[in-house]
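Residue-level structural notes
Okay, here's what each chain looks like letter by letter:
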Amino acid sequence: MLKNREVFVCRECGYETVKWLGKCPSCGQWNTFEQAVPLSAPASRGGTGGRKPAPVSAIGDINASEDIRCLTGISELDRVLGGGLVQGSLVLLGGDPGIGKSTLLLQVCQQLAAKRKVLYVSGEESARQVKLRAMRLGVNAPGLFVLSNGDLDTVLATIREEKPGVVIIDSIQTMTLSSVQSAAGSVSQVRECANVLLGVAKENDISIILVGHVTKEGNLAGPRVLEHIVDAVFHFEGEQNHAYRILRAIKNRYGATNEIAVFEMRDSGLQQVTNPSAMLLSERPQAVSGSCVVCVLEGSRPILAEVQALITKSGFPTPRRMATGFDYNRMQMLLAVLEKRAGYFFGSLDAYINVVGGLKLDEPACDLPIALAMVSGLRDRPLPADMLAIGEIGLGGEIRSVIRIEDRVREAQRMGFSRVLVPASCTEALSSGKFQIQVIGASNIRQALKAASEVSPKEAVHREEE
Ligand SMILES: Nc1ncnc2c1ncn2[C@@H]1O[C@H](COP(=O)(O)OP(=O)(O)OP(=O)(O)O)[C@@H](O)[C@H]1O
Ligand SMILES: [Mg+2]
Ligand SMILES: [Zn+2]
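Okay, so let's go over this structure. Nothing here was measured: the structure is a model prediction, and the numbers come from that model.

Procedures and definitions
Residues numbered from 1 in each chain as written. Chains lettered and ligands numbered in written order. Predicted model: local features only at pLDDT ≥ 70, side-chain atom pairs only at ≥ 80, totals over all residues. Heavy atoms only, no water. Core = buried A, V, L, I, M, F, W, Y, C linked by side-chain atoms within 4.5 Å. Buried < 20%, exposed > 50% of the residue type's maximum accessible area, 1.4 Å probe, protein only. Helix = DSSP H or I, 4+ residues; strand = E, 2+ residues; numbered from the N terminus. Domains from an automatic or database assignment. Contact = heavy atoms within 4.5 Å. Salt bridge = Lys/Arg side-chain N within 4 Å of Asp/Glu carboxyl O. Donors = N, O, S within 2.8 Å, 3.2 Å for Na, K, Ca; no water. Tetrahedral: all angles 85-135°; square planar, octahedral: opposite > 155°, others 65-115°. Near = heavy atom within 4 Å. Polar contact = N/O pair within 3.5 Å; in protein donor to acceptor, adjacent residues only side chain to side chain. Areas by Shrake-Rupley, 256 points an atom, 1.4 Å probe, with all protein chains shown as cover. Nonpolar A, V, L, I, M, F, W, Y, C, P; charged D, E, K, R; others polar.

Let's talk about the nonpolar core
One recurring pattern in soluble globular proteins: nonpolar side chains tend to sit buried together. Ranked by size, the top nonpolar core spans 52 residues in total, and within it F326, L338, L361, L368, L372, M374 and L421 carry the most contacts. No other element matches helix 8 (residues 367-379), which puts eight residues into this core. Built from parts of two domains, this core gets at least three residues from each of domain 2 (69-274) and domain 3 (279-465). Apart from residues lying up to four places away in sequence, M374 is in contact with A309, I311, M331, L334, L335, L338, F346 and I353.

Some thoughts on the pattern of salt bridges
Taken as a whole, this structure holds 17 salt bridges when the rule is applied. Across the pair K117 and E162 runs a salt bridge whose closest N-O atoms are separated by 2.9 Å. Pair noted here: K117 is in the loop between helix 2 (101-115) and strand 7 (118-122) and E162 is in helix 4 (residues 152-162), with a separation of 45 residues, a long-range link. Relative accessible area serves as the criterion here: at 33%, E162 is assigned to the partly exposed category. As a salt-bridge pair, E363 and R408 come within 2.7 Å of each other at their nearest N and O atoms. With E363 in the loop between strand 18 (349-355) and helix 8 and R408 in helix 9 (residues 405-414), this residue pair connects regions lying 45 residues apart in the sequence.

Focus on the coordination of the zinc ion (ligand 3)
The zinc ion (ligand 3) binds to the protein through C10 (SG), C13 (SG), C24 (SG) and C27 (SG), with metal-donor distances spanning 2.3 Å. Angles of 107 to 114° at the metal separate the four donor atoms of the zinc ion (ligand 3), which places the site in the tetrahedral class. Here the donor residues of the zinc ion (ligand 3) share one chain and are spaced in sequence as C-x2-C-x10-C-x2-C. Here C13, found in the loop between strand 1 (7-10) and strand 2 (16-17), pairs with C24, found in the loop between strand 2 and strand 3 (33-36); they are 11 residues apart in sequence, far enough to count as distant. Comparing C13 with C24 shows no difference in burial state: the two are buried.

A look at the site of ligand 1
The local shell around ligand 1 holds 16 residues, among which G98, K101, S102, T103 and R133 are the closest. The separation between an oxygen atom of ligand 1 and a polar main-chain atom of K101 is 2.8 Å. S102 places a side-chain nitrogen or oxygen 2.5 Å from an oxygen atom of ligand 1. Protein chains shield 67% of the accessible area of ligand 1, which is 650 Å² for the free molecule. Counting residues per element, the ones that place at least two in the shell around ligand 1 are helix 2, helix 3 (127-137) and strand 13 (260-266). In the shell around ligand 1, the residues fall into three nonpolar, six polar and seven charged.

Okay, here's the thing in structure tokens:
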């Protein structure tokens with residue numbers, strides 16, 4: 001029978017097969033398949049299974065007043081959530097170990113527990129440990145209750161008894177259901193626990209937040225295994241040795257994705273950073289070659305980021321090319337365009353690109369600033385510090401327009417830049433006197449380079465002939 005058949009699930013990405021495989025066709029990882037019980041879904045395919053038909057509703061008759069949302073008191077987080085935590089939703093917060101997931105959620109509890117009962121379930125820490133952290137963070141709301149238990153059956157019984165409005169499960173990988181015959185953290189346990197919690201959330205209109213550890217080479221199932229079960233997935237990331245943390249929406253049934261919120265880790269907990277542009281530019285070196293600022297869109301929000309390029313003589317037979325925070329192949333393409341269309345040769349030179357602040361830039365709008373930074377690095381001449389560049393570069397060396405140019409230029413102006421280099425096709429949209437900032441249009445890479453650093457086309461031609 002189909003129902004009882006076991007399946008094999010990739011613990012990295014949740015890909016399911018009926019046969020064991022050595023390599024996952026979905027995420028390409030080796031040895032990640034684990035036998036699992038299929039999710040307990042009422043899957044009666046074909047036939048009616050003896051069931052009576054259920055009433056259906058005309059879409060016009062369904063009562064769908066706005067989702068009821070509660071604010072977490074951390075405005076940056078509320079924005080990423082899409083305007084607060086939706087009642088009855090199941091949310092997953094994933095992140096590397098030690099990044100600050102428990103800290104963030106405990107801080108969220110403070111405000112949430114002011115108006116409703118919040119149950120914080122910890123499967124990894126004792127109630128005392130949670131209390132110690134709460135003391136450090138100044139969390140003392142009377143509506144906050146702590147349960148240190150990893151047995152999900154007990155947790156469910158407690159939820160039924162206590163009827164909290166919000167439940168936090170820290171973490172899903174430490175929870176076990178007695179009906180599932182495998183260890184905590186295995187694919188079967190993690191999926192079934194989340195599935196059961198989803199039911200509880202919808203049935204009782206409780207918001208449940210799950211913590212999921214991102215695992216590398218571990219034998220715990222990663223949060224991706226849960227992505228399609230939960231309503232929303234958020235990712236908490238950052239460098240262990242940097243104070244900055246970025247919360248990113250990966251999936252959100254109740255709001256836009258790609259929204260980000262920036263936090264700073266302090267002794268007293270996570271502090272929201274409401275002006276990330278200022279933060280990302282705060283340590284920008286003065287008058288150093290290879291640095292350019294771009295305005296990218298992270299969700300609905302324009303953010304300024306610094307891109308850096310370092311071009312040096314190679315000590316290897318094949319020069320090294322490295323991109324951090326930017327697509328490696330795109331960098332190679334830009335190098336080829338610079339060579340062919342502008343006459344700058346990087347042939348035997350090492351080229352490194354770095355995006356400051358741990359951001360990952362995948363927008364075409366970053367092409368132009370990266371190309372400018374690379375040429376600036378090659379010539380060892382700094383770009384004007386008050387200039388920002390935005391634009392996609394095509395294979396013909398043409399500068400193509402980008403979306404929402406006005407928002408980007410407005411952010412550049414707000415942050416005190418006095419010049420912005422944009423695709424020529426965008427200058428019209430910016431010309432109506434709305435902006436005090438000087439707008440320079442360029443239709444191809446040569447024009448852009450000239451405008452940026454007064455390179456005469458002659459010089460470029462000369463280089464081509466070398
Ligand atoms: N006393 C302290 N002062 C300042 N920062 C601290 C202090 N204690 C912990 N931290 C910070 O908090 C981080 C750990 O936070 P937290 O326990 O919330 O992370 P987590 O993501 O829940 O980790 P885990 O994966 O272990 O559950 C540490 O990496 C450190 O940066
Ligand atoms: Mg934790
Ligand atoms: Zn996989």
